[in-house]
Structure formats: structure tokens, C-alpha cells
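# Architecture at a glance
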Amino acid sequence: MIKPQSDLLPRPISNGSISVNMESGNNLTLTWEGLNVYVPEAKEGFFSKKKPKCEKMHIVQNVFGIARPGQILAIMGASGAGKTTLLNVLTLRNNENLVVQGSVKINSKIIDDRKQLSAVSGYVQQNDIFIGTLKVAEHLKFQAMLRMDRHTSYEEKMKRVELVMNDLNLKKCENTLIGVAQLGIKGISGGEMRRLAFASEIITDPGILFCDEPTSGLDSFMAMSIVESMKNLAKQGKTIVCTIHQPSSEIFEIFDRLYLMAEGRSAFLGDLTEAKDFFASQGFTLPINYNPADYYIKTLAILPSNKEESKERVKKICDGYDSSKYCQEAMDNIKKASGEQNLKSASFQSQLSSAYKAGWLTQLKWLIWRSFLSMSRNPMETKILAIQTFFIALIFGLIYLQIEDSQEGVQNINGVLFLLITNASFSNMFGVLNSFPAELPIFYRDHQNSMYRTVNYYLSKLITEVNLLIYLKMEDLSLNF
Ligand SMILES: Nc1ncnc2c1ncn2[C@@H]1O[C@H](COP(=O)(O)OP(=O)(O)O)[C@@H](O)[C@H]1O
Ligand SMILES: [Mg+2]
């Protein structure tokens, strides 16, 4: 994925649109067939002899679909319809405790390795997680260094960061901390955070972009500009799959294809006018002046007040779709796409095989950079550690003040050495116990994005923590002796 220089030059803001290289990772057709997802039976309890009466739940039922390059496929449905589950299955993530059957293919190749998939795709997840003590530009720089191809030069990567910030209107807050709510560090706004999550994924110029509710929490203007960015990416040959919640009719019109889900089943796959015709053929004519998205979601929702009737209605629509010409057409397209040999399969194969984009040392270097930055800005952690060390040094210093050169003095020195070592190990351990769980989701997501090896993360933490502690302990010792 080497980018030509001309594409990476900064350019004026183009009303929130992203301009990306046309050559890399394009023309990827994603198909999925016969997908079934079950929540497995609860295992026999450790203490209880009896098996709990828990049936295997079937949460996604025999769904199929196709997402083509150059199009946005919008997955819609009521809450609990199985959209996020489907997206997780398509991205091979967060499905450790689910039983998944069926196949997901990109350009007729079965995809079963997450590292391969993340080499050609990006996934904007629903929840934004960041290291809040980094600035916006620093976060994007880190992403660019570890996720862009190793043959791209530093300057080109930095130009790409600038370009993405310009296009997503993040330039204004490039030097603002992202923010940590728990530590009271105020940072960028919710909308900026959503755009930053989007920017982190498109920085690599992925062939397929998955987005789980990319517009939730944004005002209508920003939601529109995110969807326009997606549309621009699609125009440049990318394949976009997104789930969307309550799109306005204006946003709805931008989508190329619609995939409706209800009760874990496919309720419709086709373009927007076909959706209107299909619903009319089932007896649900779209009223005039009604947002189509709202109408479809309402029709496919299970209303708590009228459960039986809603279920009956959803079943009728899903059965109607299974026997419709739209379903037949979609199946034919999937068969054709998943069977045909891709012309660019050689370059696609080579992209799939390169799991880590950055080399071992580059990973370590940038991890240490991030770790140092975040640690030096984490006032709580560093301050608490410094104050704690200072007081302990003071107390130990006073207790063991003026030790004499005698048998008793030797025993006292033994005692203070033991105390210092135990104190050093315990305070370090508690420091890590506090900081590591907070960073765990970030590590887990980065690891899923194949950004760095676990050992590099461990080493970077070790190096930064040890450096800080050596510095503090030196102060400690200099106070004691
Ligand atoms: N790991 C899981 N264990 C049990 N039930 C699950 C699990 N994941 C999803 N479900 C259930 O599957 C259904 C679909 O969930 P989800 O895909 O999150 O819906 P959506 O994103 O469409 O709102 C929900 O009823 C949810 O409770
Ligand atoms: Mg969801």
C-alpha cells in the first residue's frame, strides 16, 4: 500500500470528504453465506451437579449478503436484531464465546484469520477508546506509524495524518488532549472523538471499512459529513459496510444498498427503490412524507405491547423476502462473486499475508514513545508515586537515622534493605495494578488491529515504568543515605 506522493499532499478542506489513493486495496467484494450464530449452552456449574436449563440461543439465522466495492451497504434493523453480532462475525472479532457457522469471503477467498482481515480492512467500533493523555495529532501519528505500510516514508505518513485531520475537521483540536473523564482531564468533545475514531481507521486507506453506528452521538451536520466521507471513500473503490441507527432521510438517500435485519434473519437486501417496492408487495406501503428508514425499522420492530402480532408480521416479511425475486437475485450475485477468480488476486494475497505493517523495532520505538508521553502527562499516577516515594523515604530515613557501626547497626541495615526492597516491589506492583486494567481494552483493540506484538507492548511498559521508578528510587536512596 505505497501511496503516490501526489495523493498525500495536504489539500483544502473538501466539505468533510476524504481523498484517498485509488490504487491500494480496492475492488474487494465481501460475501457471507449461511451464517448462523448461536450462544452456546451454559456449561455445567462448578459446584452444581445439575445442568442449567439453558437452551442454545440462535441469534443470527442463516443470513447471507454481499457488499461490493464502490458502494455503501447500510445494515439496519430494530435494536436486538443482530446487527452488531453480524458485524462482529464479519470482522472476526468479539465472538469468542459464540458458535459461528457459515463462510465469509473476500474476492472468493475464505477469510478465517483476523490478522489477514485487518490487513485489508478497518473497523470503527461503537465505543470510542483512546489513551486520553495523548493529543489528537499524537494519537493519529501513532496509528499512522504502526498501521501504514513499512515502505511508506515518515514524511508521507505525516502528510497522511495532516490530510486526514484536515478532511475530518480535526485540525482545530490537533493539540488538544483527548481527555480522561475518570481523572477529570477535560478533552475533546464527543463528536470530535467519534471523528477521531473514524480518522484512526481510514488513515490506513483500507479496502473494506466496517463501521458500527458511526453517526451515533453526532449532530446532524457532523453525521452528514461522516456519511459523506464514507460515500467519497466508496466512490474511490472502497467497500463500506455500516450499521446505522436512525438515519435522517437525507442520510438515508446517500446509501447505495440496504440490508434489513429482524430477529436475527435477513429481511431485505437490495437498493433503496427495491426496498420500497418489496415492502409495498408485502402490504406495507411507505407513506408519503415519511422517513423510509424510520418506517422500515418500525415495521420490523418487536413491540413489547404487541409481541405476538409483531413477531407474526416480522416472520411474514422475512418469509416473503426468502421467496422473493430480490432474494433470488442476491443469492445469484453472491454465488457469482464468491465463485469468480479475482483478477488482482496476486496483490490481494500479498496484502493478506503481511500481518504486521511495522517492523519489530519500529513497534517498540513508537510504543515507548506513546508510553512515555502518556506517563509524563498522567499527573495522578506520577504525582502519587512521587509523593508516596518521598514520604516513605522520609519515614524510613527518620526511623533508621544515625545507625551506629556495631553488630546492632549491621542488623538494622539488614532490616532497612529488606524494607526498601519490599516497598519497591509492592509500590511498583500497585502502580501497575492501577494503570494496566485501564489500558487493557486499548491494548486488546490495537492487538486485534495487528498493530504490535504483545511482547513489544510488555517491553515498552517495562522500559518506561522501570525508567520512571529508577528515577524515583534514586531520589529515595539519596534521601536515605
Ligand atoms: N454474547 C451474547 N450472549 C447472549 N446473547 C447475545 C450475545 N450477543 C448478542 N446477544 C443477543 O443477540 C441479540 C442481537 O444482539 P445485537 O447483535 O447486539 O443487536 P443489535 O446490534 O442489532 O442491536 C440480542 O437479543 C442480544 O441480547
Ligand atoms: Mg448494536
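Residues numbered from 1 in each chain as written. Chains lettered and ligands numbered in written order. Predicted model: local features only at pLDDT ≥ 70, side-chain atom pairs only at ≥ 80, totals over all residues. Heavy atoms only, no water.

As a reminder, the rule being used: UniProt positions are given in the numbering used here, feature names are shortened, and annotations may be inferred rather than shown by experiment.
The protein chain is annotated in an unreviewed UniProt entry as ABC subfamily ABCG from Brachionus plicatilis. Taken from UniProt, the Sequence similarities (unreviewed entry) comment for the protein chain reads in full: "Belongs to the ABC transporter superfamily. ABCG family. Eye pigment precursor importer (TC 3.A.1.204) subfamily." Under Subcellular location (unreviewed entry), UniProt gives the following word-for-word description of the protein chain: "Membrane".

### Description of the pairing of strand β9 (residues 257-262)
To keep things clear, this is the line we draw: When a residue's accessible area, from a 1.4 Å probe over protein chains only, is under 20% of the maximum for its type it is buried; when over 50% it is exposed; and in between it is partly exposed. In this text, helices come from DSSP runs of H or I with a minimum length of four residues, and strands from runs of E with a minimum of two, each type numbered from the N-terminal end. A strand pair is defined by DSSP finding two or more bridges across the two strands.
Counting buried positions over the 6 residues of β9 gives 6, a clear majority of the element. Residue alternation in β9 divides its side chains into two sets, R257, Y259 and M261 and L258, L260 and A262, and both sets are buried. Bridge count for strand β3 (residues 72-76) against β9 is 4 bridges, and the pairing is parallel. Within β9, the position partnered with A74 by the bridge is L258. The pairing of β9 with strand β10 (residues 265-271) spans 6 bridges and is classified as antiparallel. In the strand pairing of β10, M261 is matched with S266. Joining the antiparallel neighbours β9 and β10 is a turn of 2 residues, in which E263 adopts a positive phi near 55°.

### Concerning the site of ligand 1
For clarity, the cut-off: Distances are taken per atom, and a residue is near a molecule or strand as soon as one of its heavy atoms is within 4 Å of it. The definition of a polar contact used here is a pair of N or O atoms within 3.5 Å, where within protein one atom must be able to donate a hydrogen and the other to accept one, and adjacent residues in sequence count solely through side-chain atom pairs. The method behind every accessible area is Shrake-Rupley, applied with a 1.4 Å probe, and residues are considered shielded solely by the protein chains displayed. Throughout, the ten residues Ala, Val, Leu, Ile, Met, Phe, Trp, Tyr, Cys and Pro are labelled nonpolar, Asp, Glu, Lys and Arg are labelled charged, and all others, Gly among them, are labelled polar.
Lining the immediate environment of ligand 1, one finds V39, M57, I59, A78, S79, G80, A81, G82, K83, T84, T85 and L98. Here an oxygen atom of ligand 1 sits 3.1 Å away from a polar atom, N or O, in the main chain of A81. Bound to the protein, ligand 1 loses 60% of the 560 Å² it would expose on its own. Contributing elements (two or more residues each) for the shell around ligand 1: β2 (57-67) and α2 (83-90). Of the residues forming the shell around ligand 1, the biggest block, 3 residues, is contributed by α2. Residue composition of the shell around ligand 1, by class: 6 nonpolar, 5 polar and 1 charged.

### Some thoughts on a nonpolar patch on the surface
So the rule is basically this: Residues enter patches when their relative accessible area tops 30% and they take part in no salt bridge; the joining distance is 9 Å for like charges and 5 Å for the nonpolar side chains Val, Leu, Ile, Met, Phe, Trp and Tyr. Here, a salt bridge means any side-chain nitrogen of Lys or Arg that lies within 4 Å of a carboxyl oxygen of Asp or Glu.
Side chains of I387, F390, F391, L394, I395, L398, I399 and L401 sit close together on the surface and give an oily, nonpolar patch of about 810 Å² of accessible area. Locating L398 in the fold gives a position in helix α15 (residues 379-399).

### Remarks on the sheet that holds strand β7 (residues 208-212)
Strand pairs in the sheet, formed through backbone hydrogen bonds, run parallel or antiparallel to each other. Heads up, the rule is: Here an axis means a line fitted to C-alpha atoms, over the contact stretch when the element is a helix, while the angle between two N-to-C directions is reported on a 0 to 180 degree scale. Contact definition: two residues touch when any of their heavy atoms are within 4.5 Å.
Pairing within the open sheet is mixed, and its 6 strands lie in the order β6-β7-β8-β3-β9-β10. Each of the sheet's edge strands pairs with one partner strand only, and the pair in question is β6 (121-124) and β10. For this sheet, the mean angle separating the axes of adjacent strands, direction not counted, is 15°. Contacting β3, β6, β7, β8 (239-243) and β9, α2 runs over the sheet at an angle of about 150° to β7.

### Concerning the environment of L73
Secondary-structure assignment places L73 in strand β3. Residue L73 is classed as buried on the basis of its relative accessible area, which comes to 2%. Each C-alpha atom of the pair L73 and G270 lies 9.2 Å from the other, and the pair is 197 residues apart in sequence. Setting aside residues no more than four positions away along its own chain, L73 makes contact with W32, I66, A67, I240, V241, C242, R257, L258, Y259 and L269.

### Remarks on the nonpolar core
General note: in soluble globular proteins, nonpolar side chains tend to be found buried as a group. Let me state the cut-off plainly: Remark: nonpolar core denotes a set of buried residues (Ala, Val, Leu, Ile, Met, Phe, Trp, Tyr, Cys) joined through side-chain atoms within 4.5 Å.
If you look at the biggest cluster of nonpolar residues, it comprises 104 residues, and the most contacted ones within it are L30 and W32. Ranked by the residues each element gives to this core, the list is headed by helix α7 (residues 220-235), at 8 residues. Ignoring sequence-local partners within four residues, the contact set of W32 consists of V63, F64, G65, I66, A67, L73, L86, L90, S103, V104, Y259 and I334. Counting 10 residues, the second largest nonpolar core, distinct from the first, contains M145, A358, L367 and F443.

### Some thoughts on the UniProt feature "transmembrane region" (unreviewed entry) in the protein chain
Cross-referencing UniProt, the feature "transmembrane region" (unreviewed entry) maps to residues 384-403 and 415-434 in the present numbering. As annotated, residues 415-434 has a helix share of 100% and a strand share of 0%, and its two end C-alpha atoms lie 28 Å apart.

### What to know about the packing of aromatic side chains
What counts, and what does not: In this analysis, rings of Phe, Tyr and Trp, with Trp reduced to its six-membered ring, are considered paired at centre separations within 6.5 Å, and the interplanar angle assigns stacked below 30 degrees, edge-to-face beyond 60, and tilted for intermediate values.
For the structure on display, the rule yields 19 aromatic pairs. Pairing F390 with F391 gives two aromatic rings, centres 5.7 Å apart and planes at 80°, and the pair type is edge-to-face. Assessed through its relative accessible area of 47%, F391 is described here as partly exposed. Measuring from centroid to centroid gives 4.7 Å for F443 and Y457, while their planes differ by 35°, and the two rings are tilted. With F443 in helix α16 (residues 407-448) and Y457 in helix α17 (residues 454-480), this residue pair connects regions lying 14 residues apart in the sequence. When sorted by exposure, F443 lands in the same class as Y457, which is buried. Taken together through their ring pairs, the aromatic side chains of F64, F252, F255, F268, F278, F279, Y290, Y295, Y296, Y321 and Y326 make up a single cluster.

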